[in-house]
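Chain residues, written in single-letter form:
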Amino acid sequence: MCGIVGYLGDKNSKEILLSGLKELEYRGYDSAGIAVLQNGKVDSFKAIGKLVNLEEKTKDYITEDFSIGIGHTRWATHGKPTELNAHPHIGDESYVVHNGIIENYAELKKQLIADGVTFLSQTDTEVIVHQFEKNLKISDSAFEAFRKTISELKGAYATLLVTKGESKTIFFAKNGSPMLVGVNDDNEKYFASSDTPLIGQCSDVNYFEDGDYGYVTPTELAIFTKDDVKKEAIFTKLSTNKLSAQKDGFRFFMEKEIYEQSSVIADTLLGRLYDDEILFDELDDSLFDGINEIKLCACGTSYHSALTATYLFERYAKIKTSVEVASEFRYRQPIMSKDTLFVVISQSGETADTLETLKMAKAAGLKTLVICNVDNSSMVRLADACILTRAGVEKGVASTKAFATQVTVFWMMALYLAKRNNSLSSQEIVKQINLLREVPSIVKVEDEMHERIKRLSKRYLHGHGFFFIGRDVFYPLALEGALKLKEISYLHAEGYPSGEMKHGPIALADPELFTIALLPQHLLYEKAKSNVEELSARDSTICAISSLAFDKADDFIPINECTDYMLEFFEMMIVVQIFSLEISARLGNDVDMPRNLAKSVTVE
Ligand code: F6R
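The rules behind these values
Residues numbered from 1 in each chain as written. Predicted model: local features only at pLDDT ≥ 70, side-chain atom pairs only at ≥ 80, totals over all residues. Heavy atoms only, no water. Helix = DSSP H or I, 4+ residues; strand = E, 2+ residues; numbered from the N terminus. Rg over C-alpha atoms; globule rule 2.2 N^0.38 Å. Buried < 20%, exposed > 50% of the residue type's maximum accessible area, 1.4 Å probe, protein only. Contact = heavy atoms within 4.5 Å. Areas by Shrake-Rupley, 256 points an atom, 1.4 Å probe, with all protein chains shown as cover. Lys, Arg positive; Asp, Glu negative; His and termini not counted. Charge placed at Lys NZ, Arg CZ, Asp CG, Glu CD. Salt bridge = Lys/Arg side-chain N within 4 Å of Asp/Glu carboxyl O. Near = heavy atom within 4 Å. Polar contact = N/O pair within 3.5 Å; in protein donor to acceptor, adjacent residues only side chain to side chain. Nonpolar A, V, L, I, M, F, W, Y, C, P; charged D, E, K, R; others polar. Domains from an automatic or database assignment. Pairing = 2+ DSSP bridges. Axes fitted to C-alpha atoms, helices over the stretch in contact; angles between N-to-C directions. Parallel < 35°, antiparallel > 145°, perpendicular 65-115°, else oblique. Phe/Tyr/Trp six-rings, centres within 6.5 Å; stacked < 30°, edge-to-face > 60°. Lys NZ or Arg CZ within 6 Å of the ring centre and 35° of its normal. Patch = residues over 30% accessible without salt bridge, like charges linked within 9 Å, V, L, I, M, F, W, Y side chains within 5 Å. Expected span 1.5 Å × (residues − 1). Buried area = accessible area lost by both parts, 1.4 Å probe.

Let's shift gears to the overall build of the protein. Per the secondary structure count, the protein includes 18 helices and 25 strands. In summary, the protein has a C-alpha radius of gyration of 26 Å against a globular reference of 25 Å for 604 residues, a match within 12%. Here the C-alpha coordinates of the protein stretch approximately 80 × 55 × 45 Å along the principal axes. By the burial criterion, 60% of the 604 residues in the protein qualify as buried. Across the protein, contacts joining residues at least 24 apart in sequence account for 71% of those joining residues at least 6 apart. For the protein, the accessible area works out to roughly 23700 Å², and carbon and sulfur atoms hold 49% of it. With 66 positive and 88 negative side-chain charges, the protein shows a spacing of 2 Å between the two charge centroids.

Our focus in this paragraph is unusual backbone geometry. With an omega of 0°, the peptide bond between His-87 and Pro-88 qualifies as cis. Inspection of the secondary structure assignment puts Pro-88 in the loop between β4 (67-74) and β5 (89-90). The phi torsion at Asn-39 lies on the positive side, around 50°, for a residue other than glycine. For Asn-39, the position within the fold is in the loop between β2 (31-38) and β3 (41-48). A relative accessible area of 75% means that Asn-39 is categorised as exposed. With phi around 50°, Leu-524 is a residue other than glycine that occupies positive phi space.

According to the stated counting rule, one finds 35 salt bridges in the structure shown. The salt bridge involving Arg-420 is made with Asp-289; its shortest N-O contact spans 2.5 Å. With Arg-420 in helix α13 (residues 401-421) and Asp-289 in the loop between α8 (261-269) and β16 (293-298), the pair connects residues that are 131 residues apart, well separated along the chain. A cluster of three or more residues bridged by salt bridges with shared partners is formed by Glu-144, Arg-147 and Asp-228.

Turning our eyes to something else, we now look at the environment of Tyr-331. Inspection of the secondary structure assignment puts Tyr-331 in the loop between α10 (326-329) and β18 (340-346). Distance from Tyr-331 to Thr-357, taken between C-alpha atoms, is 9.5 Å for residues 26 residues apart in sequence.

This part is about the site of the ligand. If you check the shell around the ligand, you find 15 residues, and the closest are Ser-302, Ser-346, Gln-347, Ser-348 and Thr-351. Ser-302 places a side-chain nitrogen or oxygen 2.6 Å from an oxygen atom of the ligand. A distance of 2.7 Å separates an oxygen atom of the ligand from a polar atom in the side chain of Ser-348. Isolated, the ligand exposes 410 Å² of accessible area, and the fraction of that covered by the protein chains is 89%. When residues of the shell around the ligand are traced back to their parent elements, those giving at least two are α9 (300-317) and α16 (474-489). The class makeup of the residues in the shell around the ligand is five nonpolar, eight polar and two charged. Structurally, the shell around the ligand is a two-domain feature, drawing no fewer than three residues from each of domain 2 (272-442) and domain 3 (447-586).

Most of strand β8 (residues 170-175) sits inside the fold, with five of its six residues counted as buried. Of the strand pairs in this sheet, strand β7 (residues 155-163) and β8 are connected by four bridges, and their pairing is antiparallel. Each residue of the ladder has a partner; that of Leu-160, found in β8, is Phe-172. What sits between β7 and β8 in their antiparallel hairpin is a turn of six residues.

Now for the packing of α8 against helix α14 (residues 426-442). Close contact between α8 and α14 brings their axes to 7 Å; oriented N to C, the two are set at 155°. By the angle between their directions, the pair α8 and α14 is classed as roughly antiparallel. In contact with Ser-262, Ile-265, Ala-266 and Leu-269 of α8, α14 contributes Leu-436, Arg-437, Val-439 and Pro-440. Grouping the constituent residues of the contact of α8 with α14 by class yields six nonpolar, one polar and one charged.

Now for the packing of aromatic side chains. Tallying each qualifying case throughout the model produces 29 aromatic pairs. On the basis of an interplanar angle of 45° and a centroid distance of 5.6 Å, the ring pair of Phe-172 and Phe-191 is categorised as tilted. With a gap of 19 residues between them, Phe-172 in strand β8 and Phe-191 in strand β10 (residues 189-192) connect regions that are remote in the sequence. Per residue, the accessibility class of Phe-172 equals that of Phe-191, and both read buried. Grouping aromatic residues by their ring pairs yields a cluster made of Phe-132, Phe-143, Phe-146, Phe-171, Tyr-213, Tyr-215 and Phe-224. Across from the ring centre of Tyr-490, 3.8 Å away, lies the NZ or CZ of Arg-595, which sits over that ring.

Another aspect to go through is a negative patch on the surface. On the surface, a cluster of negative charge is made up of Asp-10, Glu-64, Asp-65, Asp-185 and Asp-186. On the secondary structure map, Asp-185 appears in the loop between β9 (180-183) and β10.

Pairing within the open sheet is antiparallel, and its seven strands lie in the order β5-β6-β7-β8-β12-β13-β14. Each of the sheet's edge strands pairs with one partner strand only, and the pair in question is β5 and β14 (230-231).

Ordered in space as β17-β16-β18-β19-β20, the five strands form an open sheet in which the pairing is parallel. Only two strands of the sheet have a single partner each, and these edge strands are β17 (320-325) and β20 (385-388). Each strand of the sheet is rotated relative to its neighbour by a mean of 20°, with strand direction disregarded. Looking at chain direction, strand β19 (residues 367-372) and β20 are connected through four bridges and run parallel. Bridge assignment links Cys-372 to a residue of β20, and that residue is Leu-388. Where α9 meets the sheet, its contacts fall on β16, β17 and β18, and the angle it forms with β17 comes to roughly 170°. Strands in contact with α13 are β16, β18, β19 and β20; relative to β19, the strand with the most contacts, it is inclined by about 140°.

Let us now look at the environment of Val-397. Along the chain, Val-397 turns up in the loop between β20 and α13. Residues within four places of Val-397 in sequence aside, it is in contact with Glu-487, Asp-592, Met-593, Pro-594, Leu-597, Ala-598 and Lys-599.

What follows is about helix α18 (residues 565-587). For α18, which comprises 23 residues, the first-to-last C-alpha distance of 33 Å matches the rise-based estimate of 33 Å (1.5 Å per residue) to within 8%. For α18, the side-chain oxygen to backbone nitrogen distance between the N-cap and Met-566 is 2.8 Å, and the N-cap itself is Asp-564.

A few words on the domain arrangement of the protein. What the domain assignment reports for the protein is domain 1 (3-246), domain 2 (272-442) and domain 3 (447-586). Computed over C-alpha atoms, the centres of domain 2 and domain 3 are 27 Å apart. In total, about 2000 Å² of surface goes out of reach between domain 2 and domain 3, with carbon and sulfur atoms giving 71% of it. Along the contact surface separating domain 2 from domain 3 lie one salt bridge. Linking Asp-472 and Arg-315 is a salt bridge whose minimum nitrogen-to-oxygen distance equals 2.3 Å. There are seven residue pairs in polar contact (both at pLDDT 80 or more) connecting domain 2 and domain 3. In terms of residue count, the dominant contributor to the side of domain 2 that touches domain 3 is α9 (nine residues). Along the lines of polarity and charge, the residues of the side of domain 2 that touches domain 3 split into 13 nonpolar, seven polar and two charged.

Shown next as structure tokens:
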């Protein structure tokens, strides 16, 4: 995901900006750039790919004495990863970097083009700098122009702007995307989108609040609220530990990644949802010509998201779909026919078994698609087509946000195919698209819910096993809940279809068998409920997750009422993730790096 840095002071600003960007590398990016303003002259450099490319481009560039500078790492959303789309974006005499989304950029851009402005990039960001320069012509000061510009933007942003006429000032604004400023006794000012670039450079930092905007000069830090009221900075001491700073104050990367799901799903949806259809810029529609069947193949968590897709694709797109565990598919001499689209799913894009099935499908002449989180990974390079999930770098070995974004992509794909196959009415597609728009807010973690699960977790640290049970798409979610728990708690857990319990596993039922029951209100509620009652009657300890109270449960984790089962899916996903996390934390395990596991499994 994108990263921002900024610097004002006497030190070597090029080096400070580059090393700040290096600290943000872990967030993932596909291009980077810096702009430095010194003695009324701006030098700007951009490069696609890794920071070494930018370092190479700037190796002969030297900054000495006072200067101001801004820098950015970009994770492409509006427009491909090209140099032109990389930040800083340039006006006639001003430069801007930005994280987030300017929702009304199309509107602003249309007017600016009508005013005669030429755009160089496909990004939403570029409107900021042109809008600023437009306002500059009619304002008494650069700050007035900046203030006006910010008031005209809708959406989420953290942005820094410099302009030639104000060679000792950096303008800033924050709304929805994180940003902080650090100060020190040398009158230096440091900006960044997270703590790590500032560690070691300054000890006192102010975290901007939504709506804050203002400017810095060598002697001033002026902050205004969204209501244009000047306010004092609130300085806090910066941690000196980089690893803990990267966790943004969370105890574990996994926890941070669970909380991040709202913003990464928003990224997954970005530019793909329209009023009455889903579009994937990266897909050529002909990929689906002559396709009568879809075969999905993956491992672990990615397999679970793919299993969810089998329900959605058949239900909405009416296309025959099946899924297989990659390590099984490899050696069973499967029949592969050319009217099958072969889809691999992988967070890393490097999992050996999955990669091998992709090679097999290609060798058999099948059309192939990869749903992946890592651009340029082996699978992305090999497949005919690719949809990136845009979850950002996932550090916790136990996958969370990668799963959430994969399911989001599959839901979008189901609607994309439904439109293509004419299998859902346009009214239903519009309804589903509106539901998708709700997902980012649905997955926001509520403090009260987290607290409740944390308290409850102390009752689930022993026993002879867990059964996560669910029906339909809640069955893959049950599998995923069980996998999360066993990975990080080392307790035995299984995911099972609710209706299958009576065909064997119910023999295990006793108070030391914990059943985690997924009971969605909007999908087979009565059926799933009677399956749970069967277990309750045999004295299994039941923890029910539902929006409807359930009197046969020993414990109950309520979710918010939603209008559709897929929204309940995402609500419950958060619950099972936090449930595992809290049990593991209580057991004192290494949540982020559980024993025996690796993040990327490149051996078979
Ligand atoms: C579970 C987990 C693993 C991976 C599996 C596939 O939390 O992370 O089960 O899902 O190893 O990895 P990818 O998706 O990278 O192919």
